[in-house]
Amino acid sequence: MNPLLNREITYESSLERDLAYILLAHPDVADVQDQVPIDYYDNGVKRKHTIDFVATLKNGTKTAFFVKPAKRVQSSGIEETVELIREQAPNDFADHYEIRTGEHITRIRAENARLIHRARRTRCEEDIAIIAKVAANLCGTVTIQTLLAASLNSGNGFYAVVCLIDDRILDHVGPGLITYSSLVRPHRTSETQS
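Residues numbered from 1 in each chain as written. Predicted model: local features only at pLDDT ≥ 70, side-chain atom pairs only at ≥ 80, totals over all residues. Heavy atoms only, no water.

1. Here we look at the packing of helix H1 (residues 14-25) against helix H4 (residues 107-121)
Piece 1. Packing of H1 against H4 brings their axes to within 8 Å, and their N-to-C directions diverge by 50°. If you check the angle between H1 and H4, you find them oblique. Crossing geometry of H1 relative to H4 is assigned as left-handed. On H4, the residues that touch Ser-14, Arg-17, Asp-18, Tyr-21, Ile-22, Leu-24 and Ala-25 of H1 are Arg-107, Arg-109, Ala-110, Ala-113, Arg-114, Ile-116, His-117 and Arg-120.
Piece 2. Residue classes in the contact of H1 with H4 are distributed as 7 nonpolar, 2 polar and 6 charged. (Axes fitted to C-alpha atoms, helices over the stretch in contact; angles between N-to-C directions. Helix = DSSP H or I, 4+ residues; strand = E, 2+ residues; numbered from the N terminus. Parallel < 35°, antiparallel > 145°, perpendicular 65-115°, else oblique. Left-handed = near helix turned anticlockwise from the far one by under 90°. Contact = heavy atoms within 4.5 Å. Nonpolar A, V, L, I, M, F, W, Y, C, P; charged D, E, K, R; others polar.)

As structure tokens, this is what we get:
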């Protein structure tokens, strides 16, 4: 389900499903279209291709995503197909054309994206406000468990912290799964990270 527009998302593999979750969990994504058909010509022969996803960012930029297992990229000819589509598609179809494999669509990124979706569905502004008040005074990193012990140590508190990560109030520090032992810190904008 695309919670952004309340419609079903269609996918053909677990890799596509995982990318859908990752795209829909990204705070800059405004819309995700799935299974988008497009016509193109290959040596004068008209062909059809179904693009797995076209994601539109809040700033209007569009990216067409082609999903393939890494071991099939070479043999499938997808790189050549993407180049032909990029050359022939209308200018407003997409700004970027990207092939995504399991190297990009990792299990950890997909699990964190699913967690963000669960947190969004159970969002409680009251719980979020309690934790945000404590988080506003953080000077460095703490574990989620420590933050919860100082603010709202209940089962819903964890989802409230995930919402604060999703809202870019907190940053999840590190590449792993978001768990009670994960480190978080106040969000750093790109200006403060340099």
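2. Some remarks on the sheet that holds strand E5 (residues 142-143)
Piece 1. Read from one edge of the open sheet, 3 strands run E5-E7-E6, paired in antiparallel fashion. In this open sheet, the two edge strands, each paired with only one partner strand, are E5 and strand E6 (170-173).
Piece 2. Two elements, E5 and strand E7 (residues 183-186), share 2 bridges in a ladder whose sense is antiparallel. Across the sheet, residue Val-142 finds its bridge partner in E7, namely Val-184. (Pairing = 2+ DSSP bridges.)

3. Structural notes on the side chain of His-49
Piece 1. Tracing the chain through its elements places His-49 in strand E2 (residues 45-57).
Piece 2. Here His-49 is in contact with Val-36, Pro-37, Ile-38, Tyr-40, Phe-66, Ile-78, Thr-81 and Ile-85, once residues within four sequence places are set aside.

4. Observations regarding the pattern of salt bridges
Piece 1. Overall, the coordinates contain 14 salt bridges when judged by the stated rule.
Piece 2. For Glu-98, the salt bridge is made with Arg-100, and the minimal N-O distance between the two is 3.7 Å.
Piece 3. Glu-98 gets classed as partly exposed once you look at its relative accessible area, which sits at 27%.
Piece 4. Residues joined in a network through salt bridges with shared partners are Arg-17, Asp-18, Arg-107, Glu-111 and Arg-114. (Salt bridge = Lys/Arg side-chain N within 4 Å of Asp/Glu carboxyl O. Buried < 20%, exposed > 50% of the residue type's maximum accessible area, 1.4 Å probe, protein only.)

Read these as layout, nothing more, since geometry by itself doesn't imply function.
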